[in-house]
Amino acid sequence: MRIKIVSESKKYLFYAPTRLVDSWLSRLIIRQSKKDFDKEKLIRQLPMIRKELMILKKRVKHFTLVDIKSKEGEIVKIIL
């Protein structure tokens, strides 16, 4: 998974493994979230979500999950 941030003056490119979806860090972030939803159910579904993302990554190369462009010209992309 790649996270790309482009502004007028700088460019950032971060590489993150897809398996990070089902890690202790993502579980910690979900548990500490203040949103009102079934957190434990989501945590139990993380392995399935990761598996589906891996299948999608094999089928479709460079699948864009998020593509945001602001008025100021900043671009944020998350590419699988």
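Rules used throughout
- Residues numbered from 1 in each chain as written.
- Predicted model: local features only at pLDDT ≥ 70, side-chain atom pairs only at ≥ 80, totals over all residues.
- Heavy atoms only, no water.
- Helix = DSSP H or I, 4+ residues; strand = E, 2+ residues; numbered from the N terminus.
- Expected span 1.5 Å × (residues − 1).
- Bend = angle between axes of the 7 residues up to and from the residue.
- Buried < 20%, exposed > 50% of the residue type's maximum accessible area, 1.4 Å probe, protein only.
- Contact = heavy atoms within 4.5 Å.
- Pairing = 2+ DSSP bridges.
- Axes fitted to C-alpha atoms, helices over the stretch in contact; angles between N-to-C directions.
- Core = buried A, V, L, I, M, F, W, Y, C linked by side-chain atoms within 4.5 Å.

Structural notes on helix α2 (residues 39–59)
Here α2 is 21 residues long and its end C-alpha atoms lie 30 Å apart, about the 30 Å a rise of 1.5 Å per residue gives. Maximum bend of α2: about 40°, positioned at Leu46, with proline Pro47 one to four residues after it. Considered for burial, the residues of α2 that qualify are Ile43, Leu46 and Leu53. Close packing links the buried residues of α2 with α1 (24–31).

Describing the sheet that holds strand β3 (residues 64–69)
Here we have four strands laid out as an open sheet, ordered β2-β1-β4-β3, and antiparallel in their pairing. The sheet is open, and its two edges are formed by β2 (11–15) and β3, each paired on a single side. Taking the axes of each pair of neighbouring strands and ignoring which way they run, one obtains an average angle of 5° across the sheet.

Side note on the pairing of β2
Pairing between strand β1 (residues 2–6) and β2: five bridges, direction antiparallel. In the sheet register, Arg2 faces β2, and the bridge partner there is Tyr15. Here β1 folds back onto β2, and the loop between the two strands holds four residues.

Side note on the pairing of β3
Direction of pairing for β3 relative to strand β4 (residues 75–79): antiparallel, over a ladder of five bridges. Note on β4: the bridge partner recorded for Val66 is Ile78. Between β3 and β4, which pair antiparallel and follow one another directly, the connecting turn spans five residues, one of which, Gly73, has a positive phi of 95°.

Section: the nonpolar core
With six residues, the main nonpolar core is built from Val21, Ile30, Ile43, Leu46, Leu53 and Leu80. Here this core gets three residues from one element, more than from any other, and that element is α2. Here Val21 is in contact with Met1, Ser26, Leu46, Ile49, Arg50 and Leu53, once residues within four sequence places are set aside.

Some points on the environment of Arg59
With respect to the secondary-structure elements, Arg59 resides in helix α2. Distance from Arg59 to Ser33, taken between C-alpha atoms, is 32 Å for residues 26 residues apart in sequence.

Some words on the environment of Pro47
Along the chain, the position of Pro47 falls in helix α2. Assessed through its relative accessible area of 36%, Pro47 is described here as partly exposed. Along the backbone, Pro47 and Ser70 are 23 residues apart, and their C-alpha atoms lie at a distance of 33 Å.

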